[in-house]
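One letter stands for each residue in the lines below.
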Amino acid sequence: MANVVPVRKDQHKNLKVASTRTLNHVKDQHIAPITAREFARAATSYPIVIIKDQDRYRSVVMLGIEAGENLYYSEDDWKAVYVPQSISMIPFSLGIDPEKEKTLTTCIDLDSEYVGEDKENALFDAEGKDTEFYKLAQESLGRVYDNEIMTEKFIKELEANNLLQELELNVAFASGENKRLVGLFGINEKTLQELSDDKVLDFHKRGLFVPIYSMMGSAAQVNRLAQLRNKSENTNKVTNIQIRPVKVEETAKA
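Read on for a plain summary of the structure. (Residues numbered from 1 in each chain as written. Predicted model: local features only at pLDDT ≥ 70, side-chain atom pairs only at ≥ 80, totals over all residues. Heavy atoms only, no water.)

### Topic: the overall build of the protein chain
Logical step 1: Along its length, the protein chain carries 8 helices and 12 strands.
Logical step 2: Projected onto its principal axes, the C-alpha coordinates of the protein chain cover approximately 75 × 50 × 35 Å.
Logical step 3: Out of the 254 residues belonging to the protein chain, those deemed buried represent 44%.
Logical step 4: Pairs at least 24 apart in sequence give 70% of the contacts found in the protein chain among residues at least 6 apart.
Logical step 5: As presented, the protein chain carries roughly 15,000 Å² of accessible surface, and 47% of it is formed by carbon and sulfur atoms. (Helix = DSSP H or I, 4+ residues; strand = E, 2+ residues; numbered from the N terminus. Buried < 20%, exposed > 50% of the residue type's maximum accessible area, 1.4 Å probe, protein only. Contact = heavy atoms within 4.5 Å. Areas by Shrake-Rupley, 256 points an atom, 1.4 Å probe, with all protein chains shown as cover.)

### Examining the sheet that holds strand β1 (residues 4-6)
Logical step 1: Strand order in the open sheet made by the 3 strands is β1-β7-β6, with antiparallel pairing throughout. At either margin of the open sheet sits one strand with a lone partner, and together these are β1 and β6 (92-96). Each strand of the sheet is rotated relative to its neighbour by a mean of 45 degrees, with strand direction disregarded.
Logical step 2: The pairing of β6 with strand β7 (residues 104-109) spans 5 bridges and is classified as antiparallel. Across the sheet, Gly95 pairs through a bridge with Thr105, a residue of β7.
Logical step 3: Strands in contact with helix α4 (residues 132-160) are β6 and β7; relative to β6, the strand with the most contacts, it is inclined by about 60 degrees. (Pairing = 2+ DSSP bridges. Axes fitted to C-alpha atoms, helices over the stretch in contact; angles between N-to-C directions.)

### Concerning the pairing of strand β11 (residues 178-187)
Logical step 1: For strand β4 (residues 48-53) and β11, the ladder comprises 2 bridges, and the chain directions are antiparallel. Directly across from Ile50, in β11, lies its bridge partner Phe185.
Logical step 2: In this antiparallel pair of consecutive strands, strand β10 (residues 164-173) and β11, the connection spans 4 residues, and Gly176 shows a positive phi of 95 degrees.

### A short note on the packing of aromatic side chains
Logical step 1: Going through the model one piece at a time under the given rule, you end up with 9 aromatic pairs.
Logical step 2: Relative to Tyr134, the ring of Phe124 has its centre 5.5 Å away and its plane inclined at 65 degrees; by these criteria the two rings are edge-to-face. Here Tyr134 lies in helix α4 and Phe124 lies in the loop between β9 (121-122) and α4, a separation of 10 residues in the sequence. Note on accessibility: Phe124 and Tyr134 belong to one class, buried. (Phe/Tyr/Trp six-rings, centres within 6.5 Å; stacked < 30°, edge-to-face > 60°.)

### Some points on the side chain of Ser59
Logical step 1: In this structure, Ser59 sits in strand β5 (residues 56-62).
Logical step 2: For Ser59, a relative accessible area of 4% puts it in the buried group.

### So, the pattern of salt bridges
Logical step 1: According to the stated counting rule, one finds 14 salt bridges in the structure shown.
Logical step 2: We note a salt bridge from Arg229 to Glu66, for which the minimum N-O separation is 2.9 Å. One end of the pair, Arg229, is in helix α8 (residues 222-231); the other, Glu66, is in the loop between β5 and α3 (85-88), and 163 residues separate them in sequence.
Logical step 3: A relative accessible area of 1% places Arg229 in the buried class.
Logical step 4: Between Glu168 and Arg180 there is a salt bridge; the shortest N-O distance is 2.6 Å. Here Arg180 lies in strand β11 and Glu168 lies in strand β10, a separation of 12 residues in the sequence.
Logical step 5: Owing to a relative accessible area of 5%, Glu168 belongs among the buried residues under this scheme. (Salt bridge = Lys/Arg side-chain N within 4 Å of Asp/Glu carboxyl O.)

Structural data, given as C-alpha cells:
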C-alpha cells in the first residue's frame, strides 16, 4: 500500500530514488489520466475519451477494454512510444502541504520499491540543497499541474459550446459475448461543424483545434486495443469493436 508523504529535507535528507523504474504500478489499470497538451502524442497509440467522475469531467486514455486490464503493459516493455505523464512520475506526485493551507507540494511514496537510502539518485546533496535530479522532478510535476489546469479549462470550453457527445464502446468476443461500455464522451462533430466563423477563429487562435482533432482521430485506436487483446494470453479474443455516439431514442408520441 502506498505511503505518500510530503518531501521534507530534515526527514528525507538521505532518501534516494532508483534510476531504473518500471510501470508495473499500472499493470491492472485500464485507464490513465491524460492532459490536453499530451493529446497529439497520445493519439498515436491510445483512444482518448472524456469520462464523468462525480459531476466532474476528466480526460483519460484507454489502456484496456475491461476493468483491471492493461493491454500496453508487459514485464519487458510498454507497447506504445508515448507514456502519459500521469503514470511516468512514479514515485513522485503532487499533494496538499499539511503545513501550508491550499498549497501543493512535492510528495513521494516511501513504500515504493524505487525509494530508499540504497538507491542511485539523491534528493539532497551534502549541503542539504536540492539535487539536479530532484529539481527536474519538481519541474516535471509543475508542468503536469499546469497542464491539468489547462485541461480543465479546455473541457469547460467543450461543455460551454455543446461539443461533448456521449459515446458507447461495443465489443464482440469470440465466445459470443457482447459488451457495451458507456459513460464515455467525445467530440460532437456536427456541433463542431456548425461553430460560427468568429468561434472558429477564436478556437484557432487559442490552439484548441489541436487537442480537439487529436481526440477525434484517436478513436481509431480502439482497433489497437483489439489487436493487443488478441495478441495477449487472454483466450477470449475480440472479433469486432466499435466506438460510436450513443443513439438517442426518439420519444414515442402519444
